[in-house]
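A look at the structure
Given next are the chains, with one letter for each unit.
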Amino acid sequence: MNDRPPAPSDSPSALAAALRTTGYLADDGLATATFLAMRMNRPLFCEGEPGTGKTALAQALAEVTGSELIRLQCHEGIDASQALYDWDFPRQLLHLRALEAAAGAERMDVDAVEASLYDPKFLLARPILRALQTTPSVLLIDEIDRADDEFEAFLLEVLTEHAVTIPEVGEIRATTPPIVVLTSNRTREVHDALKRRCLYLWLDHPDLQREIEILHSRLPGLPERLAAQVAGAVRALRQADLLKPPGVAETIDWARALQLVGARHLDVDSAAATLGAVLKYREDADRVRKQLDTLLAS
């Protein structure tokens, strides 16, 4: 009789249970999409508003699978050398000078010297190459919507073949493909060619009850009344047309801040004193302070 406890890759429910141990509460849709991405060796493309748990999902996945989390933070102008590899020029130069000192410039074999300069020991592995060479690993390509079209095109081969070709070294292929999670805040549309290679998951803010559960999971000992009040207030803030609506991380920070100042419930004074934990723009904070009575009554 097999008494082995379920592994995260056994079923969506087993994965959801494993994620719960890290404090990440996954609903059925999220657990199923993530399970299928793992079993089908397909990247998981997570799209949604900032603060809905996209990055945290990759972090939790790495924890429950015992994998190394390797993160590539995208930004405007990012190119392949920043994502894939580069050569350690200072070490190559020192190596060349050492060869010159040992053999003398006139007796050096130019072809041999050039080949020695591109030895793998001088290769600087950036996040994508590191993920291909590391088993097991979770590769988080964060905020892909900040990168440009050329970078998306570069990713296509990597995500399809789990391999890259370095002219001086040859092909490097993953023995075990990494779990790949791409995130997007939808500041622009990502091309269909990239999305077709992925399984898609839209993450929304959790409903009220799930956010209360998240607070209890992350902050054991949080009073029930305070958890419900914080989750309810954050829900109202998200509907208030703010410059930066709070995400789940801000909900947790606010509840933690209230705990630290000894609040047992959320009132106008405690809310005003800790508002910097949940709102990060002056305009938002000024607007909400004028409406705290109405907000807490809703």
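In the block above lies the structure referred to throughout.
Residues numbered from 1 in each chain as written. Predicted model: local features only at pLDDT ≥ 70, side-chain atom pairs only at ≥ 80, totals over all residues. Heavy atoms only, no water.

Digging into the packing of aromatic side chains
Given two aromatic rings, their pairing is described by the distance between the two centres and the angle made by the two planes. Here the structure, examined in full by the defined rule, presents four aromatic pairs. Centroid distance Phe45 to Tyr200: 6.0 Å. Interplanar angle 20°. Geometry classified as stacked. Taken together, the residues span a long stretch of sequence, with Phe45 in strand β1 (residues 44-48) and Tyr200 in strand β9 (residues 199-203) at a distance of 155 residues. On the accessibility criterion, Tyr200 (42% relative accessible area) is partly exposed. (Phe/Tyr/Trp six-rings, centres within 6.5 Å; stacked < 30°, edge-to-face > 60°. Helix = DSSP H or I, 4+ residues; strand = E, 2+ residues; numbered from the N terminus. Buried < 20%, exposed > 50% of the residue type's maximum accessible area, 1.4 Å probe, protein only.)

Thoughts on a negative patch on the surface
A cluster of like negative charges, contributed by Asp27, Asp28, Asp207 and Glu213, occupies part of the molecular surface. Mapping Asp207 onto the fold places it in the loop between β9 and α10 (208-218). For Asp207, a relative accessible area of 44% corresponds to the partly exposed category. (Patch = residues over 30% accessible without salt bridge, like charges linked within 9 Å, V, L, I, M, F, W, Y side chains within 5 Å. Areas by Shrake-Rupley, 256 points an atom, 1.4 Å probe, with all protein chains shown as cover. Salt bridge = Lys/Arg side-chain N within 4 Å of Asp/Glu carboxyl O. Lys, Arg positive; Asp, Glu negative; His and termini not counted. Charge placed at Lys NZ, Arg CZ, Asp CG, Glu CD.)

What about the sheet that holds strand β8 (residues 179-184)?
What holds strands together in a sheet is hydrogen bonding between their backbones, with the strands either parallel or antiparallel. Overall, parallel pairing links the five strands, which are arranged β2-β5-β8-β1-β9 in an open sheet. Since the sheet does not close on itself, it has two edges, and those belong to β2 (68-73) and β9, each with one partner. The sheet shows a mean angle of 20° between the axes of neighbouring strands, taken without regard to direction. Pairing of strand β5 (residues 137-142) with β8, which is carried by four bridges, proceeds in the parallel orientation. Residue pairing in the sheet places Ile141 in a bridge with Leu182 of β8. Each of β1, β8 and β9 touches helix α2 (residues 28-40); the most contacted strand, β9, lies at about 155° to it. (Pairing = 2+ DSSP bridges. Axes fitted to C-alpha atoms, helices over the stretch in contact; angles between N-to-C directions. Contact = heavy atoms within 4.5 Å.)

Digging into unusual backbone geometry
Note: most residues except glycine have negative phi, and most peptide bonds are trans. Following Thr135, the chain continues to Pro136 via a peptide bond in cis, the omega torsion being -10°. Among the secondary structure elements, Pro136 is positioned in the loop between α7 (127-133) and β5. Unusually for a residue other than glycine, His162 sits at a positive phi of about 55°. Note on His162: relative accessible area 13%, which makes it buried. Of note, Asp241 is a non-glycine position whose phi angle comes to about 60°, a positive value. Note on Asp241: relative accessible area 65%, which makes it exposed.

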